[in-house]
Amino acid sequence: MTDDFRQEGVRRVGQVKEVTSLANPIVKDIKALSQKKSRDESRTFLAEGLKLVIDALELGWTIRTLVYAKAGKGKPLVEKVAARTIAAGGLVLEVSEKVMSAITRRDNPQMVSAVFEQRWASLRDVSPSDGQTWVALDRVRDPGNLGTIIRTADAAGASGVILVGDCTDPFSLETVRATMGSLFAVPLIKATPAEFLKWKKGSGARLVATHLAGAVDYRTIDYRSKPVILMMGNEQSGLPDELAEAADALARIPQVGMADSLNLAVATGVMLFEVRRHLLKLDGAK
């Protein structure tokens, strides 16, 4: 972020700033969060939607900058979020629809968007325990796939997602949208292949990887006796040999029909719910 952004944030605490110009330096900085370079430099990202923003607050996240459209002014929930943002030292902007559309790159944008600080967990601090499942993704490239996997990991009760190697940015607009808010509930970790393999050796967990050469039906693997690390490969090339060879089990999902493979997010969902089948029950079920 520019110095103007930081200074405005300090100077305007306790106030709501009305913004209608796309040339406003704060708006320019928020718009720049569509670029990975800006997200990396500021260690922030943009998320859209009032429900999502409220959920993030409830999970303990702090809003750096809240942006709401004029139509949101006076609405109780928007006012409550604005008050909490100001109380935490954040900046609140009331903007025109034109500005909101430019920030979110949408013709029909959400009424509320917010800038949050990125959060990364450390692999060194992770010691898988009984009943835990961690999802490891090797060089996942598609933002939609990553966002859907984070959302699915949340739904299945996984403990977190480990991004191995050169993965797409989980804090991009496209990925954040695809998580539908689960980004705020699922710990994220970055690791090189070497760091991941070293950690796996001392983790005490069973590494199960999907692989075309896998001779084992994914439904026959023991997912109960140890914590599980579910490893999924790159969309185009699958897992490299060094990661596949480190697996305790190579799994394959039986298929029929003309399709020679499943979408990565779909395959991860199928695997995750099988891994955690013995741990998941419908509400009220015995």
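These notes cover the structure that comes with them. All figures in this text were calculated on a predicted structure; none of them were measured in a lab.

**Remarks on helix H7 (residues 143-156)**
- End to end, H7 covers 20 Å across 14 residues, agreeing with the expected 20 Å (1.5 Å per residue, within 8%).
- All of the buried residues along H7 are Asn145, Leu146, Gly147, Ile149, Ile150, Thr152, Ala153 and Ala156.
- In this fold, the buried residues of H7 make contact with strand S6 (133-138), strand S7 (160-164), helix H8 (173-179), strand S8 (188-191) and helix H11 (264-275).
- The N-terminus of H7 is capped by Asp142, whose side-chain oxygen sits 3.0 Å from the backbone nitrogen of Gly144.
- Of the residues trailing H7, Gly157 is marked for its positive phi of about 85 degrees.

**Examining the nonpolar core**
- Residues Phe45, Leu66, Phe116, Leu137, Val161 and Met271 are the most contacted members of the largest nonpolar core, which totals 51 residues.
- The dominant element in this core, judged by the number of residues it contributes, is H11, at 6 residues.
- Filtering out sequence-adjacent residues up to four positions away, Met271 remains in contact with Val208, Thr210, Tyr218, Tyr223, Leu230, Met232, Ala251 and Ile253.
- Ala136, Ile189, Phe196 and Ala209 belong to the second-largest nonpolar core, a separate cluster that totals 20 residues.

**Notes on the pairing of strand S1 (residues 16-19)**
- Where burial is concerned, the two faces of S1 differ: the one with Lys17 and Val19 is buried and the one with Val16 and Glu18 is not.
- When S1 meets strand S4 (residues 91-95), the two strands line up parallel, connected through 4 bridges. Across the sheet, the residue bridging to Val16 is Val92, located in S4.

What counts, and where the lines are drawn
Residues numbered from 1 in each chain as written. Predicted model: local features only at pLDDT ≥ 70, side-chain atom pairs only at ≥ 80, totals over all residues. Heavy atoms only, no water. Helix = DSSP H or I, 4+ residues; strand = E, 2+ residues; numbered from the N terminus. Expected span 1.5 Å × (residues − 1). Buried < 20%, exposed > 50% of the residue type's maximum accessible area, 1.4 Å probe, protein only. Contact = heavy atoms within 4.5 Å. Polar contact = N/O pair within 3.5 Å; in protein donor to acceptor, adjacent residues only side chain to side chain. Core = buried A, V, L, I, M, F, W, Y, C linked by side-chain atoms within 4.5 Å. Pairing = 2+ DSSP bridges.

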